[in-house]
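# Residue-level structural notes
This is what each chain is made of:
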Amino acid sequence: MNPGFVVLGQRLGTQLLYDYLIKFGFGEKTGVDLNGEAKGIMFSLDKMGPVETATTAFGQGISVTPIQQIRGVSAAVNGGNLYTPYIVRSISESETNEMIVLNEPKMVRKVISEETSSLVRYALESVVANGTGKNAYIENYRVGGKTGTAQKVSNGRYMVGNYILSFIGIFPADKPDYVVYVAVNNPKGVTQYGGTVAAPIAKNVLLSLIDIMGYEATPGDKTREYTWLDEKYKYVPSTIGLDLDTAKKTLKGFKIEYAGSGNTVAYQEPNNRWIKESGIVKLYLEE
């Protein structure tokens, strides 16, 4: 992948590559409502020769903060609009409950077209369906994302075998509402790739998000191409309100654990969701 981005950087040229980095907010503070924000590290334009242009194109000549990363990716997938991020939505007076601070979306500038943004969303969904981000794939839900494997620096030199592994995901991929960014600093005893370490964590976050926000399954056209090594998923229907025998028949093929003193399913986890074929369905029974 790195050689490919070097070629892209060369085709853009140093000036245009630098202009896009600035447009996406890299090398400057985002203005988020937190103290101590860093602006990251970038070459100045007059210091960017062919080598610096090449390394910057694939990310090894630039350092960005997580909030810059999230902000930039959000602009890339939301139609091309760069916003000022905030953490606190509002502040109210404790006694009167009168709102004294209200943060609302504040657009900074347009960075790419809607057409280009649509292509980015398509590419990111393809990464999760059949690329390095497949460990974040959720059956019948549209997830997009990109893995990252960043070599760390010490005393001006890149370290050997010491990485920050990351995954940034968007959901739903066709019209994103959420961005999830996971970074793991120098994990031990694992294969050093963002797709193997960070992507599964992001997937669990997204699964919880789907449950909490009540997202319905919306299959896209990026069906995952399973190999014999991959574990497949099955849909878990709801059995709440059914008697235990009927629930067992409905959940045939799943491992079932149940507790309670009755014979009617009062609670089920997971419920109305896709899970691994080897997954466990837990039932709580009441009279």
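Residues numbered from 1 in each chain as written. Predicted model: local features only at pLDDT ≥ 70, side-chain atom pairs only at ≥ 80, totals over all residues. Heavy atoms only, no water.

### Some points on the confidence of the model for the protein chain
- On average, residues of the protein chain score 89 in pLDDT, and 95% of them reach the 70 mark or higher.
- Strand β11 (residues 273–276) is the least confidently modelled element of the protein chain, averaging 77 in pLDDT, while strand β1 (residues 81–83) averages 97, the highest of any element. (pLDDT = per-residue confidence, 0-100. Helix = DSSP H or I, 4+ residues; strand = E, 2+ residues; numbered from the N terminus.)

### Comments concerning the nonpolar core
- Formed by 21 residues in total, the largest nonpolar core has its most connected members in Val128, Ile138, Val143, Phe167, Phe171, Val182 and Leu206.
- For this core, the elements supplying multiple residues, two or more each, are α5 (114–130), β6 (157–171), β7 (178–185) and α6 (194–213).
- For this core, the element with the highest residue contribution is α6, accounting for 8 residues.
- Contacts of Phe171, omitting those with residues within four sequence positions, involve Tyr141, Arg142, Val143, Pro176, Asp177, Tyr178, Leu206, Leu209, Ile210 and Tyr215. (Core = buried A, V, L, I, M, F, W, Y, C linked by side-chain atoms within 4.5 Å. Buried < 20%, exposed > 50% of the residue type's maximum accessible area, 1.4 Å probe, protein only. Contact = heavy atoms within 4.5 Å.)

### Notes on the pairing of strand β3 (residues 99–102)
- Pairing between strand β2 (residues 90–92) and β3: 3 bridges, direction antiparallel. Its bridge partner lying in β3, Ile91 is registered against Val101.
- Hairpin connection between β2 and β3: a loop of 6 residues separates the two successive antiparallel strands, and Asn97 in this loop has a positive phi of roughly 65°. (Pairing = 2+ DSSP bridges.)

### Structural notes on α5
- A rise of 1.5 Å per residue sets the reference length of α5, with its 17 residues, at 24 Å; its end C-alpha atoms lie 24 Å apart and thus fit the reference within 8%.
- All of the buried residues along α5 are Ser117, Arg121, Leu124, Glu125, Val127, Val128 and Ala129.
- Check the buried side of α5 and you find it contacts α4 (66–77), β5 (144–154) and β6. (Expected span 1.5 Å × (residues − 1).)

### Thoughts on α6
- Counted at 1.5 Å a residue, the expected span for α6 with its 20 residues is 28 Å, and the 27 Å between its end C-alpha atoms agrees.
- Structurally, α6 contributes buried residues whose contacts are with β5, β6, β7, β8 (233–236) and β11.
- Two residues or fewer past α6, Gly214 is found with a positive phi of approximately 70°.

### Focus on the side chain of Thr239
- Counting through the fold element by element, Thr239 comes out in the loop between β8 and α7 (244–250).
- Taking relative accessible area as the criterion, Thr239 reaches 0% and is therefore assigned buried.
- In this structure the side chain of Thr239 is engaged in a polar contact, spanning 2.7 Å, whose partner is the side chain of Gln268.
- For Thr239, the residues in contact, after removing those within four places along its chain, are Ala247, Thr250, Leu251, Val265, Gln268 and Leu283. (Polar contact = N/O pair within 3.5 Å; in protein donor to acceptor, adjacent residues only side chain to side chain.)

### Overview of the sheet that holds β6
- Pairing is antiparallel across the open sheet formed by 3 strands, whose spatial order is β5-β6-β7. What marks the edges here is a single partner per strand, and that holds for β5 and β7. Along the sheet, successive strands turn relative to each other by an average axial angle of 20°, direction set aside.
- Summarising the sheet, β5 and β6 pair through 10 bridges and their orientation is antiparallel. From the neighbouring strand, Val153 faces β6, where its bridge partner is Tyr158.
- Running at roughly 25° to β6, α6 makes contact with β5, β6 and β7 of the sheet. (Axes fitted to C-alpha atoms, helices over the stretch in contact; angles between N-to-C directions.)

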